[in-house]
Amino acid sequence: MSGERYNPRESEPKWQKIWDDAKSFVTANDDPRECYYVLEMFPYPSGRIHMGHVRNYSMGDVVARYHRARGKNVLHPMGWDAFGLPAENAAIERKTHPGSWTYQNIEAMKAQLKSMGLSIDWTREIATCSPDYYQHQQSMFIDMLEAGLVTRKSSKVNWDPVDMTVLANEQVIDGKGWRSGAPVEQRELTQWFFKISDFAEDLLEALDTLNDWPEKVRTMQRNWIGKSQGLSFNFTVKDAPQGFETLPVFTTRADTMRGPTFAAIAADHPLSKHLAESNPAIVDFIEACHRIGTAQEAIDTAEKLGFDTGLKVLHPADPSWELPLYIANFVLMDYGTGAIIGCPAHDQRDLDFARKYDLPVLDVFMPLDSDTPVGTEAFVPQKTDKVKYVRWFGEDGAVLTNEEAMAKTLALFEENGWGTAQTQYRLRDWGISRQRYWGCPIPVIHCGVCGTIPVPKKDLPVKLPEDVTFDKPGNALDHHPTWKHVHCHQCGGTARRETDTMDTFVDSSWYFARFTAPHADTPTVPAVANRWLPVDQYIGGVEHAILHLLYSRFFTRAMKATGHVDLSEPFKGLFTQGMVTHETYKSQTGEWVNPTEILIEATGDTRTAKDLKTGAPVTIGSVEKMSKSKKNVVDPDEIVATYGADTARWFMLSDSPPERDVQWTEAGVEGASRFQQRVWRLVNEAIELDQRAAESTATDAKDALALRRVIHRSVDGIGKDIEGLRFNRAVAQIYELTNALTKTLQGQIGPETRAAIMEGAEKLTVLLSPMMPHLAETCWEALGKYGLVADANWPEVDEAMLVDDTVTMPIQVNGKRRAEITVAKGTPAAEVERLVLSMDEIVRILEGKAPKKIVVVPDRIVNVVV
RNA sequence: GCGGGCGUGGUGAAACUGGUAGACACAAGGGACUUAAAAUCCCUCGGCUAACGCUGUACGGGUUCGAUUCCCGUCGCCCGCACCA
């Protein structure tokens, strides 16, 4: 038996079928045991899984299988983020329906995931493009609309004039549509919004409670929400056009309120638009501002431009103080009120602007050691640095920090009714309207008499029509001949369906809740959802740090407000795993070459590569994230076919810490595959040994005890490492245990050691099972154990095996290790000191000198200072 | 510019709350077995040195009996955000 190699190609499908037939991973909601919910971010059904998925799902599966072995009722579901643009693009290219393309992809990817041997409850599978799913989303949309959490308003969007659709910010590259390449226009469109900004403060504050989230993600969300505190006041506009007598402004720099020399408004400010109506020069200027676009580089290098409106505004604290009012290209309508007060001395943008238009620059404060006025560089110190105030609403020459001065000025303004303290957030409402077919229809109708009203719940779902064509650019839903024409359910008159669909981020904002009762005829079964949620461990890529995770946090709050769940935070633990990278290769002609087309040769420290077919030399390039364009991708199917799923999983978990990028190497996979065979051999040798008569009857209690100590330390350590998601360390400890067992097998073996080896082989099998589940089942079977290792309990740790009665302490002389001493555990410091000073080595090193001091940390270390 | 993180052998990395730096793995080199290859097993493997030793965790300081770990400064890399008033 031991002569046979382990064959994953035979073994893996066999166990997958056995797990399926035994319903090993089907989770019952009424199971009374402690619940544990582990979830990996569900994939977009692009058609094929990639190594990033393999890594992500391997990690989640280890967590799921571990907690199952720990006796918990584990929920580990999988589904498909199935709406979205690529399906429509595929439909255009292949003349198919987005739905059939999507469902085919789902089937293909599901088969791939199944070949990985994941412990997933497939009875809970959901696809967001199915009416079974999105009807509930529509129903919740209506609840939220009625609860005042949804609003419809006009807003500026990125409009692609060729594809005739709104683009998300991340789909605009260098000011051009990512697909059409056409320059993106800013358009004003009426859109549906979730009022996420109503929750800004709560979303910000609650971040402090998410202790099991990476600090990095919490910081990113904090920045995104962008809370700032400052002063809100009104300018009085002199000789103002009707309706524009006051101009609201927000500033975070109340302390500079005696240093402004101009005021400015955004090009899109209502006042700018009003003025443009009677002034063609302003129209031209506003258009010029729009042309700069949204591209980062353009913004960085754009010159500060302004247009003097000729209007004057009056300083709130001193009506006799007039400031010129400009329209300026660097003022954003989206932030604050779209109007600013310009204090050039202490803001670089304001200074650039002032220098260009020859506006005065008034220093408000100066460094403590200088009286030089501001030149071309604004003086912007840390807000906690002390500076000398020379021009402000306080004592002249006062030395204080910006923070202190701001607080004082704010108080003064409030006292005199010149303005009020205000908190501002950068977070804007979440616009969810998309002019797209392949998304969840927004369940409202527009009636000329009754207005914009929700579809009655009894008429849900508002289904997407099947008979659509994509021969025209734009929204196929809108082009459909009949779909949008309806009768108003209230007045019976003619009405029009909303043809916009929802942003796909809505779909992924609650799927984790749907998994808890995926077949219910309500969006959730609150009692069930409340029992499972929050997700104990959520695992996915850091690229979702803001959008998906922030939207989900909001949506959970909105679901709470509408009675669908009774909690605010959806994910208790979050883990963001690193990317999978690979070396890149380039041919002599500069083309990227796939790793499967080359041969690597290594001698000493130098590695060279050549083309497998032609033998031509190939340049080894940098290590990059796997991407099709650089051809440095490895196909999971090929890996599973060649080495088996267990090898792929094992390699993905070993070596690199999970939050860091991991480099896929052929040598590494070979190593993982060798280890698989080693374990199989080891287990078989242990079985053979067990069946033979003992070679020696001599007592071997000491060896057996040493091995059992290693076994139990491994059980303890590996469990802790898995709980802490330190998979690379868990893997290292499994190697250590394997090495210890191999070593013991090679020595003289008496009856007690033989028993210890059998104990080790069995425990190793269980410890290995979350990571290499198929191999573990095969070993379990060979060991003659009852049932499936998937149902086996995690081994108990014998605490007595963790403590050793002796301890080896290093002995340092002046901080350098010179010797070591083995003493009984808990030997008092004085006793250790006596023993150390009598040691020959120490006496020799001391050369008769008397030690100045001896530090003894019991059971740890000795340091002799001379 | 603002915020966050990181820097340890040829490589990926370990090192618990300040206590033997380099666990574990990969690569490499040497050897055993073999007609040969594969597979497997054994040995070496931070640098310098013939050796005793010395030195070494980006660099320079500091605190400490003792620093990869704590503090200050410098350099380098990565990530996120950004005309946010």
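What you see is a predicted model; the values in this text were computed from it and never measured.

Asks: Which parts of the structure should I look at to understand the overall build of chain A?
Replies: A tally of helices and strands in chain A yields 26 helices and 38 strands. In terms of principal-axis extent, the alpha carbons of chain A reach across some 110 × 85 × 65 Å. In chain A, buried positions account for 53% of the 866 residues. In chain A, once contacts between residues fewer than 6 apart in sequence are set aside, the share between residues at least 24 apart is 71%. Surface accessibility of chain A: about 39,500 Å² in total, with carbon and sulfur atoms responsible for 50%. Averaging the locations of the 95 positively and 120 negatively charged side chains of chain A gives two centres separated by 2 Å.

Asks: Explain the sheet that holds strand 20 (residues 430-431) to me, please; I cannot follow it from the model alone.
Replies: Strand pairing within a sheet occurs via backbone hydrogen bonds; the two strands may be parallel or antiparallel. One open sheet holds the four strands; their spatial order is 6-5-9-20, and the pairing between them is antiparallel. The open sheet has two free edges, formed respectively by strand 6 (165-167) and strand 20, since each of these has just one partner strand. By the bridge criterion, 10 bridges tie strand 5 (residues 150-160) to strand 9 (residues 185-194) in an arrangement that is antiparallel. Bridge pairing in strand 9 places Lys156 opposite Glu188. On top of the sheet, helix 5 (residues 131-146) reaches strand 5 and strand 9; it is set at about 90 degrees to strand 9, its chief contact.

Asks: Just to check I follow, could you spell out the confidence of the model for chain A for this structure?
Replies: It should be kept in mind that the predicted coordinates are not to be read in detail where pLDDT is low. Per-chain confidence: chain A averages 90 in pLDDT, with 96% of residues scoring 70 or above. Here the prediction assigns the complex a pTM of 0.92, and the interface score ipTM is 0.94.

Asks: I tried to follow the nonpolar core on my own but got confused; where do I start?
Replies: Within soluble globular proteins, side chains that are nonpolar generally end up buried alongside one another. Phe141, Phe194, Tyr511, Phe555 and Trp664 are the most contacted members of the largest nonpolar core, which has 165 residues in total. For Trp664, the contacting residues outside a window of four places in its chain are Met51, Val580, Thr581, His582, Met626, Val634, Ile639, Ala648, Phe651, Met652 and Val669. Residues Phe235, Ala317, Ile327 and Ile341 belong to the second largest nonpolar core, which totals 30 residues.

Asks: Please explain the side chain of His315 as it appears in this structure.
Replies: With respect to the helices and strands, His315 occurs in strand 13 (residues 306-315). A distance of 2.6 Å separates the side chain of His315 from the backbone oxygen of Met257, its partner in a polar contact. Residues contacting His315, with those up to four places away along its chain left out, are Phe235, Met257, Pro260, Trp321, Phe393 and Phe413.

Asks: Would you mind showing me how to read empty space enclosed by the protein here?
Replies: A probe matching the size of a water molecule, rolled over the atoms, marks out where space remains unfilled. Applying the stated criterion across every chain, the model contains three cavities of 30 Å³ or more. Approximately 70 Å³ is the volume attributed to the largest cavity. Lining the largest cavity are Phe25, Arg65, Arg68, Ala69, Val766, Ser769, Pro770, Val789, Ala790, Ala792 and Trp794. Broken down by element, the lining of the largest cavity gets its largest block of residues, three residues, from helix 2 (residues 51-69). Per-class residue counts for the lining of the largest cavity are eight nonpolar, one polar and two charged.

Asks: Could you clarify how one ought to interpret the pattern of salt bridges in this entry?
Replies: Under the counting rule described, the total for this entry stands at 40 salt bridges. Ionic pairing is found between Glu215 and Arg222, a salt bridge with its closest N-O pair at 3.5 Å. A relative accessible area of 43% places Glu215 in the partly exposed class. The class for Arg222 is partly exposed, based on a relative accessible area of 26%. Between Asp459 and Lys458 there is a salt bridge, with the nearest N and O atoms lying 3.3 Å from each other.

Asks: I keep staring at the pairing of strand 13 and nothing clicks. Help me out?
Replies: Consecutive side chains along a regular strand alternate between the two faces of the sheet. Strand 13 sits mainly inside the fold: seven of its 10 residues count as buried. Pairing geometry for strand 10 (residues 228-238) and strand 13, over three bridges, is antiparallel. Residue Thr236 lies in a different strand from strand 13, and its bridge partner there is Leu314. In terms of strand pairing, strand 13 meets strand 14 (residues 318-328) through seven bridges, oriented antiparallel.

Asks: What am I meant to see in the protein's contact with RNA strand B here?
Replies: RNA strand B sits among 49 residues. The nearest are Thr252, Lys304, Arg349, Arg729 and Arg860. Protein-adjacent atoms of RNA strand B, using a 4 Å cutoff, are sugar or phosphate at a proportion of 66%. At 2.6 Å, a side-chain N or O of Arg349 approaches a phosphate oxygen of RNA strand B. Separating a base oxygen of RNA strand B from a side-chain N or O atom of Asn863 is a distance of 2.7 Å. The dominant element in the surface near RNA strand B, judged by the number of residues it contributes, is helix 22 (residues 727-746), at seven residues.

Asks: Looking at this structure, I do not really get unusual backbone geometry. What am I missing?
Replies: A negative phi angle characterises most non-glycine residues, just as the trans form characterises most peptide bonds. Of the consecutive residues Leu460 and Pro461, the connecting peptide bond is found in the cis state with omega at 0 degrees. Within the element layout of this structure, Pro461 appears in the loop between strand 23 (451-454) and helix 13 (476-479). Residue Asp358 is not a glycine yet carries a positive backbone phi of 55 degrees. Along the polypeptide, Asp358 turns up in the loop between helix 11 (348-356) and strand 16 (365-366).

Asks: How should the sheet that holds strand 24 (residues 485-487) be read in this particular structure?
Replies: Taken together, the four strands give an open sheet; going across it, the order is 23-22-25-24, and neighbouring strands pair in antiparallel fashion. Edge positions in the sheet fall to strand 23 and strand 24, since each has one partner strand and no second. Neighbouring strand axes in the sheet, compared pairwise and without regard to direction, differ in orientation by 40 degrees on average. Across four bridges, strand 22 (residues 444-447) lies against strand 23 in antiparallel orientation.

Asks: Looking at this structure, how should I read helix 18 (residues 636-643)?
Replies: Residues three or four positions apart in an α-helix share a direction because the helix packs 3.6 residues into each turn. Of all the residues in helix 18, the buried ones are Pro636, Ile639, Val640 and Tyr643. Buried residues along helix 18 cover an arc of 100 degrees about the axis, so they all sit on one side. On its buried side, helix 18 packs onto helix 1 (8-21), helix 2, helix 4 (98-115), helix 19 (645-653) and helix 20 (666-691). Just past helix 18, the residue Gly644 takes up positive phi, approximately 100 degrees.

Asks: Explain the side chain of His136 to me, please; I cannot follow it from the model alone.
Replies: As for its position among the elements, His136 is in helix 5. On the basis of relative accessibility, which here comes to 4%, the residue His136 falls in the buried class. Beyond its immediate stretch of four places on either side in the chain, His136 contacts Trp510, Arg514, Ala520, Asp521, Thr522 and Pro523.

Criteria and thresholds
- Residues numbered from 1 in each chain as written.
- Chains lettered and ligands numbered in written order.
- Predicted model: local features only at pLDDT ≥ 70, side-chain atom pairs only at ≥ 80, totals over all residues.
- Heavy atoms only, no water.
- Helix = DSSP H or I, 4+ residues; strand = E, 2+ residues; numbered from the N terminus.
- Buried < 20%, exposed > 50% of the residue type's maximum accessible area, 1.4 Å probe, protein only.
- Contact = heavy atoms within 4.5 Å.
- Areas by Shrake-Rupley, 256 points an atom, 1.4 Å probe, with all protein chains shown as cover.
- Lys, Arg positive; Asp, Glu negative; His and termini not counted.
- Charge placed at Lys NZ, Arg CZ, Asp CG, Glu CD.
- Pairing = 2+ DSSP bridges.
- Axes fitted to C-alpha atoms, helices over the stretch in contact; angles between N-to-C directions.
- pLDDT = per-residue confidence, 0-100.
- Core = buried A, V, L, I, M, F, W, Y, C linked by side-chain atoms within 4.5 Å.
- Polar contact = N/O pair within 3.5 Å; in protein donor to acceptor, adjacent residues only side chain to side chain.
- 1 Å grid on protein atoms, 1.4 Å probe; cavity = no way out; pocket = protein on both sides within 12 Å on 5 of 7 lines; lining within 4 Å.
- Points joined across faces, edges and corners; volume = space filled by probe spheres on them.
- Nonpolar A, V, L, I, M, F, W, Y, C, P; charged D, E, K, R; others polar.
- Salt bridge = Lys/Arg side-chain N within 4 Å of Asp/Glu carboxyl O.
- Near = heavy atom within 4 Å.
- Arc of directions from axis to C-beta.

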